[in-house]
Amino acid sequence: MEEINNIEVGPCTESNYLKPFRVHYSQNGTKKSWDFMRTHDSVSVLLFNTTSHCFVLVKQFRPAVYMSEWERLKAQPANTPEEGAAEAAGPEPPEGQSGAGGSSQPPASMGVTYELCAGLVDKPDLSLEEIARQEVLEECGYDVPASRLKRITSYRSGVGVTGSKQTMFYAEVSDDNCVGAGGGEPGEGELIEVVKVPLHEAMTFAYDERKPKTMGVIFSFIWFHNNMAPKYKISTNV
């Protein structure tokens, strides 16, 4: 279990990742405005281990998810706590912060999500495939040549706020490709757990709302079921 404490919330006046803007425009003669964030595009990789017939995901604490859950729980009437949220009940924390692990804050698990291996496109001298390859090595510990990364598709994420593009790849790995434990770059603040999802449990996992996950996980599992499972004549137990 992650230990999250000493939480302080304040304004973001400068960031290397997000820059807020307000655009003014006319649409069909009507003046409008919209607030948005400029951020980096990204890559993600669906990894399938052919040795153990499992998908390789990452699991990590996401502060934005945690704070969203915290705000949602605070808005609930005190006498009708949501099931499983008993740990979050208690007096309001002081303005902008909370106690260290007390009942005034939700458990850290409410901010943990399952995701595809992914990373920002912030190295202009590298191709998307090379960036994806580096992320697979750093986060999951597999050394996969960029030439073995199959492009699935690209799509817009966060269209209401960022409009950034994510490009998704697929790669098959084996135990022979595993050269490290993964876990991300501690120097960059990453603390990542590598998770394996057996192939026959994939679709059940994808639709299990008790396991918080990104849309990329759900979409990529469906893509695999439709495109790869028939090729290998294997069942994803849908």
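Residues numbered from 1 in each chain as written. Predicted model: local features only at pLDDT ≥ 70, side-chain atom pairs only at ≥ 80, totals over all residues. Heavy atoms only, no water.

The line we're drawing: UniProt positions are given in the numbering used here, feature names are shortened, and annotations may be inferred rather than shown by experiment.
By the naming in an unreviewed UniProt entry, the protein chain goes by Uridine diphosphate glucose pyrophosphatase NUDT14 and is assigned to Takifugu rubripes. UniProt, in the comment section headed Subunit (unreviewed entry), describes the protein chain in these words: "Homodimer." Its UniProt record gives the protein chain the following Cofactor (unreviewed entry) comment, quoted word for word: "Mg(2+)".

## Let's talk about the overall build of the protein chain
Threshold: Numbering of helices and strands runs from the N terminus; a helix is a DSSP stretch of H or I covering at least four residues, while a strand is a stretch of E covering at least two. Three labels apply to residues, based on accessible area from a 1.4 Å probe with only protein chains included: buried if under 20% of the type maximum, exposed if over 50%, partly exposed otherwise in between. Residue contacts are defined here by distance: any two heavy atoms, one from each residue, within 4.5 Å place the two residues in contact. Accessible surface area values rest on a Shrake-Rupley calculation with a 1.4 Å probe, where residue burial reflects the displayed protein chains alone.
Within the protein chain, the secondary structure is distributed over five helices and nine strands. Listed by position from the N terminus, the elements making up the protein chain come as β-β-β-β-α-β-β-α-β-β-β-α-α-α. A total of 238 residues make up the protein chain; the buried ones form 35% of that total. Taking all contacts inside the protein chain whose residues are at least 6 apart in sequence as the whole, residues at least 24 apart take part in 65%. Approximately 14,300 Å² of the protein chain is accessible, and the part contributed by carbon and sulfur atoms is 51%.

## A closer look at unusual backbone geometry
Even without glycine at this site, Asn28 takes up a positive phi of about 50 degrees. Relative to the assigned elements, Asn28 resides in the loop between β1 (19-27) and β2 (30-38). The exposed category is assigned to Asn28, whose relative accessible area is 80%. Look at His53: it is not a glycine, yet its phi comes out positive at around 50 degrees. Summarising the element assignment, His53 is placed in the loop between β3 (42-49) and β4 (54-61).

## Looking at the layout of surface pockets
Heads up, the rule is: Buriedness for pockets is judged along seven lines, at least five of which must meet protein on both sides within 12 Å for an open set on the 1 Å grid over protein atoms alone, while cavities are sets there where a 1.4 Å probe fits but cannot get out, and lining residues have an atom within 4 Å of a point. Grid points are joined across faces, edges and corners, and a volume is the space filled by probe spheres set on the points. Put simply, Ala, Val, Leu, Ile, Met, Phe, Trp, Tyr, Cys and Pro go in the nonpolar bin, Asp, Glu, Lys and Arg in the charged bin, and everything else, Gly too, in the polar bin.
Taken as a whole, the largest pocket encloses approximately 2,100 Å³ of empty space. Among the elements that make up the lining of the largest pocket, the one with the highest residue count is helix α2 (residues 128-140) (four residues). Tallied by class, the residues present in the lining of the largest pocket amount to 18 nonpolar, 18 polar and twelve charged.

## What about the state of the cysteines?
Convention followed: Two cysteine sulfur atoms make up a disulfide if the distance between them is within 2.5 Å.
Tallied over the entire structure, the rule returns zero disulfides. Unpaired in terms of disulfides, Cys117 finds its nearest cysteine sulfur in Cys140, a separation of 4.3 Å.

## Here's the deal with the side chain of Glu135
Along the chain, the position of Glu135 falls in helix α2. Once residues within four sequence positions are removed from consideration, Glu135 is found in contact with Cys117, Ala118, Gly119 and Cys140.

## Notes on the pattern of salt bridges
Cut-off, in case you're wondering: Criterion for a salt bridge: a side-chain nitrogen of Lys or Arg within 4 Å of a carboxyl oxygen of Asp or Glu.
Per the stated rule, a full pass over the model turns up eight salt bridges. Here Arg22 and Asp35 are joined by a salt bridge, their closest N and O atoms 2.5 Å apart. With Arg22 in strand β1 and Asp35 in strand β2, the pair connects residues that are 13 residues apart, well separated along the chain. The salt bridge involving Lys74 is made with Glu71; its shortest N-O contact spans 3.7 Å. Of the two residues, Lys74 and Glu71 are both situated in helix α1 (residues 63-74); the distance of three residues between them amounts to about one turn of the helix. Where salt bridges share partners, they join Asp208, Arg210 and Lys211 into one cluster.

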